[in-house]
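# Descriptive analysis of the structure
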Amino acid sequence: MTIRIGNAPCSWGVEFADDPRNPAWREVLRQCRDAGYKGIELGPVGFMPEDPVQLAEALDEFDQDLIGGVVFRPYHDPAAAADVMDGTVRTCKALQAHGAKHLVLIDSISPRRAPTAGRAGEAEQMDKAEWTAYRDRIVESAKVGVDHGLTVGIHAHAGGFMDFEPELERLLDEVDESLLKICFDTGHHSYAGFDPVAFMKRNVGRISYMHFKDIDPKVKAAVVENRTDFYTACGEGIFCNLGQGDVDFAAVRQVLLDAGFEGWCTVEQDCDPTLPGTPMEDAQANRTYLESIGF
């Protein structure tokens, strides 16, 4: 088994390319290298330079492979179709230019879903027509990714309409595996109230890429009990360092080992850039922890 461990700009609080709170992109590359990683995701398209020469020089300077990129856009909103496609095409072009493999599709947080993150039984559901159009927008992005030679994975995310396990399984049943695989995020699956290891055992053959994230069980229990919305839960520290939460990463490793999984697994410790913190120290701690269990 050959597994490589990368990181992503979201671990430095980078969620949107135009957020004035973002750290400098070169500093993120430097800290990622210094924390012990050899690969990094693109982050939201536009955060790193879209000029392929400029970015290639920096990746080489900081000894980083570009692993993949995320389209984190409102697939749930029909009025945002042009924005979704813009993000898809630009991300695909950037990934293709640097030989990256993974395109990850995430339905961004919806005001209709953020209040019920972690509470599947209370969450609003789409009707059949809305679901069909939603699914088709995801498929459209996936086709663009495949056309660019990328492996496309759907990523469930708290606060969006692709959040809970039944929704993910429904989409996978309706879309051919040759077009859409799974980018599996351990933390978001736990936040949603489901067992990430059990899901992996059932679906590991369709998992093309992993995001490693952990969930603080005390914070999770409190936010579910208090009906805390997604944004507030993030500020309360629901995403903790790897090995300090309720995700069994040793079991995750074993599932991957048994399946002969090869490729990248990327640490994603979402953080609030407005809060004090030490992203590089967290990144180092996460790398040390993963090494301690055999990654």
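The structure reproduced in this document is the subject of the present report. (Residues numbered from 1 in each chain as written. Predicted model: local features only at pLDDT ≥ 70, side-chain atom pairs only at ≥ 80, totals over all residues. Heavy atoms only, no water.)

Moving on, we come to the nonpolar core. One finds I5, L105, I154, L180, M210, F212 and L256 to be the most contacted residues of the largest nonpolar core, which totals 71 residues. Formed by 20 residues, the second largest nonpolar core is a distinct cluster that contains A158, V219, A233 and I238. (Core = buried A, V, L, I, M, F, W, Y, C linked by side-chain atoms within 4.5 Å. Buried < 20%, exposed > 50% of the residue type's maximum accessible area, 1.4 Å probe, protein only.)

What follows covers the packing of helix α7 (residues 196-203) against helix α10 (residues 249-259). At a minimum axis separation of 10 Å, α7 and α10 run at an interaxial angle of 5°. As judged from the angle between their axes, α7 and α10 are roughly parallel. Two secondary-structure elements touch here, α7 through V197, M200 and K201 and α10 through A251, V252, V255 and L256. A class-by-class count of the residues in the contact of α7 with α10 yields six nonpolar, no polar and one charged. (Axes fitted to C-alpha atoms, helices over the stretch in contact; angles between N-to-C directions. Helix = DSSP H or I, 4+ residues; strand = E, 2+ residues; numbered from the N terminus. Parallel < 35°, antiparallel > 145°, perpendicular 65-115°, else oblique. Contact = heavy atoms within 4.5 Å. Nonpolar A, V, L, I, M, F, W, Y, C, P; charged D, E, K, R; others polar.)

With respect to the helices and strands, the residue K220 is situated in helix α8 (residues 217-225). Among the residues examined, K220 registers a relative accessible area of 17% and is labelled buried. Polar contacts involving the side chain of K220 include one to the side chain of S190, which spans 2.9 Å. In this view, K220 contacts S190, Y191, I215, I238 and D246; residues no more than four positions away in its chain are not counted. (Polar contact = N/O pair within 3.5 Å; in protein donor to acceptor, adjacent residues only side chain to side chain.)

Further remarks concern the environment of F249. Tracing the backbone shows F249 in helix α10. We classify F249 as buried; its relative accessible area is 1%. Each C-alpha atom, one on F249 and one on A221, is 20 Å from the other, the two residues being 28 residues apart in sequence. Beyond its immediate stretch of four places on either side in the chain, F249 contacts T186, F212, K213, D214, L242, G243, Y289, I293 and F295.

For the rest of this paragraph, the subject is α7. Of the positions making up α7, those classed as buried are P196, V197, F199, M200 and N203. On an axial view of α7, the arc spanned by its buried residues comes to 160°, and they lie on one face. The inward-facing, buried residues of α7 contact α5 (165-174), β7 (181-185), α6 (186-191), β8 (207-212) and α10. You can read the cap of α7 off the contacts: a side-chain oxygen lies 3.0 Å from the backbone nitrogen of V197, and it is on D195. (Arc of directions from axis to C-beta.)

With that out of the way, let us pick up the pattern of salt bridges. Counted by the stated rule, this structure contains 25 salt bridges. Among the salt bridges present, the one from E124 reaches R112, with a minimum N-O distance of 2.7 Å. Separated by 12 residues along the polypeptide, E124 in the loop between β5 (102-107) and α4 (128-147) and R112 in the loop between β5 and α4 bring together distant segments of the chain. Take E124: its relative accessible area is 35%, and that puts it in the partly exposed class. R112 sits in the partly exposed class, given a relative accessible area of 34%. Put simply, K213 and E268 hold a salt bridge, and the shortest N to O gap is 3.5 Å. Of the two residues, K213 is situated in the loop between β8 and β9 (214-215) and E268 in the loop between β11 (263-267) and α11 (279-292); the sequence distance between them amounts to 55 residues. Judged by its relative accessible area of 1%, K213 is buried. Look at E268 and you get buried, because its relative accessible area is 7%. (Salt bridge = Lys/Arg side-chain N within 4 Å of Asp/Glu carboxyl O.)

Let us look at the pairing of strand β4 (residues 68-73). Of all six residues in β4, six are buried; the element is thus mostly enclosed. Here β4 runs beside β5; their pairing, made up of six bridges, is parallel. When the bridges of β5 are listed, V71 appears paired with L105. Running through helix α3 (residues 81-97), the crossover from β4 to the neighbouring parallel element β5 is right-handed. (Pairing = 2+ DSSP bridges. Right-handed = clockwise from strand over helix to strand, strands pointing away.)

Two elements in contact, α4 and α5, have axes separated by 11 Å at closest approach and are oriented at 65°. As the angle between them shows, α4 and α5 are arranged roughly perpendicular. Along this stretch, α4 crosses α5, giving a crossing that reads as right-handed. Within the contact between the two elements, α4 uses W131, R135 and I138 and α5 uses E167, R170, L171 and E174. Taken together, the residues of the contact of α4 with α5 break down into three nonpolar, no polar and four charged. (Left-handed = near helix turned anticlockwise from the far one by under 90°.)

The analysis is restricted to geometry; functional conclusions fall outside its scope.
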